[in-house]
Amino acid sequence: MSLFDLPLDQLRQYAPTVAEPEGFDDYWRSTLGAAEAVPVLLDVRPEPTDLRLLDTWDVTFAGFAGDPVRAWYTRPAGVDEALPVVIEYVGYGRGRGTPHERLTWPVAGYAHLLMDARGQSGQYGVGDTADPHGSAPGGPSPVTRGILSPQGYYYRRLITDAVRAVQAARLLPAVDPQRVVVTGNSQGGGLALAVAGLAPGIAAVLATAPFLCHLQRAIEITDVGPYGEIAGYLAVHREAEAAVRHTLSHVDVACLVRRATAPLHLGVGLRDRVCPPSTVFAAYHQYGAANGGPVPERSLHVYPFNGHEHGEAVHVRRQLRWLADLLADPAGAPPPDDAARPVETAVAG
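Reading the values: rules and limits
- Residues numbered from 1 in each chain as written.
- Predicted model: local features only at pLDDT ≥ 70, side-chain atom pairs only at ≥ 80, totals over all residues.
- Heavy atoms only, no water.
- Phe/Tyr/Trp six-rings, centres within 6.5 Å; stacked < 30°, edge-to-face > 60°.
- Helix = DSSP H or I, 4+ residues; strand = E, 2+ residues; numbered from the N terminus.
- Buried < 20%, exposed > 50% of the residue type's maximum accessible area, 1.4 Å probe, protein only.
- Contact = heavy atoms within 4.5 Å.
- pLDDT = per-residue confidence, 0-100.
- Disulfide = S-S within 2.5 Å.
- Pairing = 2+ DSSP bridges.
- Salt bridge = Lys/Arg side-chain N within 4 Å of Asp/Glu carboxyl O.

### Some thoughts on the packing of aromatic side chains
Think of a pair of aromatic rings as described by two things: how far the centres are apart, and how the planes are tilted against each other in angle.
Line of reasoning, step 1. What the rule picks out here adds up to eight aromatic pairs.
Line of reasoning, step 2. Measuring from centroid to centroid gives 5.3 Å for W57 and Y73, while their planes differ by 35 degrees, and the two rings are tilted. In this pair, W57 is assigned in strand β2 (residues 54-62) and Y73 in strand β3 (residues 68-76), connecting sequence segments 16 residues apart.
Line of reasoning, step 3. Judged by its relative accessible area of 19%, W57 falls in the buried class.
Line of reasoning, step 4. The exposure class assigned to Y73 is buried, which follows from its relative accessible area of 0%.
Line of reasoning, step 5. Feature note: the residues Y92, Y153, Y154, Y155, F211 and Y227 constitute an aromatic cluster, connected by ring pairs.

### Regarding the side chain of S141
Line of reasoning, step 1. Relative to the helices and strands, S141 resides in the loop between β5 (111-115) and α4 (154-169).
Line of reasoning, step 2. Contacts of S141, omitting those with residues within four sequence positions, involve Y92 and E229.

### Structural notes on the confidence of the model for the chain
Line of reasoning, step 1. Of all residues in the chain, 93% have pLDDT values of 70 or greater, and the mean over the chain is 92.
Line of reasoning, step 2. In this model residues 330-345 is a low-confidence stretch, pLDDT under 50, and it forms 25 contacts with partners more than four residues away in sequence or in other chains.

### Quick look at the environment of L215
Line of reasoning, step 1. Mapped onto the secondary structure, L215 falls in helix α6 (residues 215-221).
Line of reasoning, step 2. Through-space distance from the C-alpha of L215 to that of T279 is 7.5 Å; in sequence the pair is 64 residues apart.
Line of reasoning, step 3. Each residue touching L215, except ones within four places of it in the same chain, is listed here: Y227, L248, V251 and D252.

### Focus on the environment of I221
Line of reasoning, step 1. Relative to the helices and strands, I221 resides in helix α6.
Line of reasoning, step 2. On a C-alpha basis, the gap between I221 and N306 in space is 18 Å, while along the polypeptide they are 85 residues apart.
Line of reasoning, step 3. Not counting the four nearest positions on each side in its chain, I221 is found in contact with F4, D5, P276 and S278.

### Description of the state of the cysteines
Line of reasoning, step 1. Under the definition given, this model contains zero disulfides.
Line of reasoning, step 2. Counting only cysteine sulfurs, C275 is the nearest neighbor of C213, a cysteine outside any disulfide, at a range of 7.4 Å.
Line of reasoning, step 3. Among the residues examined, C213 registers a relative accessible area of 0% and is labelled buried.
Line of reasoning, step 4. A disulfide-free cysteine, C255 has its sulfur positioned 10 Å from the sulfur of C213, the nearest such atom.

### Brief notes about the side chain of T60
Line of reasoning, step 1. Positionally, T60 belongs in strand β2.
Line of reasoning, step 2. Residue classification places T60 among the buried positions, given a relative accessible area of 13%.
Line of reasoning, step 3. Apart from residues lying up to four places away in sequence, T60 is in contact with L41, L42, D43, P68, V69 and R70.

### Quick word on the pairing of β3
Line of reasoning, step 1. Within β3, seven of the nine residues are buried, which leaves it mostly tucked inside the rest of the structure.
Line of reasoning, step 2. Summarising the sheet, β2 and β3 pair through nine bridges and their orientation is antiparallel. Across the sheet, T60 pairs through a bridge with R70, a residue of β3.
Line of reasoning, step 3. Note that β3 and β5 share four bridges and pair antiparallel. Within the sheet, the bridge partner assigned to Y73 lies in β5 and is L113.

### Focus on the environment of L234
Line of reasoning, step 1. Tracing the backbone through its elements, the reader meets L234 in helix α7 (residues 227-236).
Line of reasoning, step 2. The class for L234 is buried, based on a relative accessible area of 16%.
Line of reasoning, step 3. Distance from L234 to D9, taken between C-alpha atoms, is 33 Å for residues 225 residues apart in sequence.
Line of reasoning, step 4. What L234 contacts, discounting residues up to four positions off in sequence, is A240, E241 and V244.

### Structural notes on the pattern of salt bridges
Line of reasoning, step 1. Applying the stated rule across the entire model yields 19 salt bridges.
Line of reasoning, step 2. A salt bridge links R217 to D5, with the nearest nitrogen and oxygen atoms 2.9 Å apart. Here R217 is found in helix α6, whereas its partner D5 is found in the segment before α1 (8-11), with 212 residues between them in sequence. As far as burial versus exposure is concerned, R217 and D5 are alike and both buried.
Line of reasoning, step 3. With a closest N to O distance of 2.9 Å, D25 and R259 form a salt bridge. Here the residue D25 occupies a position in helix α2 (residues 24-35), and R259 occupies one in the loop between α9 (253-256) and β8 (264-269), the gap between them amounting to 234 residues.
Line of reasoning, step 4. Each of D67, R118, D131, R145, R157 and D161 takes part in a single network of salt bridges with overlapping partners.

### Some thoughts on the pairing of β5
Taken residue by residue, a regular strand's side chains alternate between the two faces of the sheet.
Line of reasoning, step 1. For β5, a buried count of five out of five residues is recorded, marking the element as mostly surrounded by other parts of the structure.
Line of reasoning, step 2. Relative to β5, strand β4 (residues 83-89) is paired through five bridges, and the arrangement is parallel. Directly across from E88, in β5, lies its bridge partner L114.

### Some remarks on unusual backbone geometry
Line of reasoning, step 1. Between G225 and P226 the backbone carries a cis peptide bond, its omega angle lying at 5 degrees.
Line of reasoning, step 2. Here A174, not a glycine, exhibits a phi torsion of approximately 55 degrees, which is positive.
Line of reasoning, step 3. Of note, A174 is situated in the loop between α4 and β6 (175-185).
Line of reasoning, step 4. With a phi close to 45 degrees, H310 is a non-glycine residue in the positive phi region.
Line of reasoning, step 5. Residue placement: H310 occurs in the loop between β9 (298-303) and α11 (312-328).
Line of reasoning, step 6. Of the residues examined, H310 reaches a relative accessible area of 8% and is grouped as buried.

Rendered as structure tokens:
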């Protein structure tokens, strides 16, 4: 049982219909359409490293409003064949760091694109991407930047960057454009889920402890950051609640995932106060619900005694096995892997 959220038996049934604002699809259609005005791939240059088994390139692509977004592209050295590419999004307050920091996916044999997070460098990691459009009214932190307006909100820009990363990845050397995978933890997990609902042709989604889900509930039940930063902003700007809630409704992943079609592998810790488990279950139960057909293949791995760290290395191994099975299956659906799941705590959809 969670220490502060709903117990597991209620979480299994927790499937609220999160309200979408009027014009939700038009909002994202126009936002992404405006980004298309600029060619996506701006620069790709080899990056010297001390890693003899991997090759890395410093990539710059055009994100929201054509802004340059930095990324590392890494793949097994000397492998010329077109590989599946795993696009990874980083957590809140982090950046892309240095090329040798995140190597799980390229060491596993995939091409790997690690996207920087605009304007977030310095809290937990280092990045190289500015946020030149961050002057709209709101608070000082990324999650409150421009929060009084859907048009000026920070996550409109960051989610657009994440979608554009998919388009850029398909143009990189020796990438199989039909096998694009998105992944991330916390903020990165939320971005991966958002991309699943916005970018066509995604092959798989792997997300853990995702941020940005069921936002109206999240800001009510936890004071831990980043959601606590929104609560802190509203504690001072008491008159801004309606505007803030309206803005948040435009970036709620529990709404965006209704349009997703790719297989999903999800992980959550029941003692997570950063991204409360009920918000994750809400997004899980909405995944693919708006497509009018069968729900995509999906699995949710639950760790009852873990918080925001979820299953850590145990969960990463499950991700690796799941993705290898998925991409090896021509039908696009992995076989059951009950032996690799916690028997009592996996919730399979």
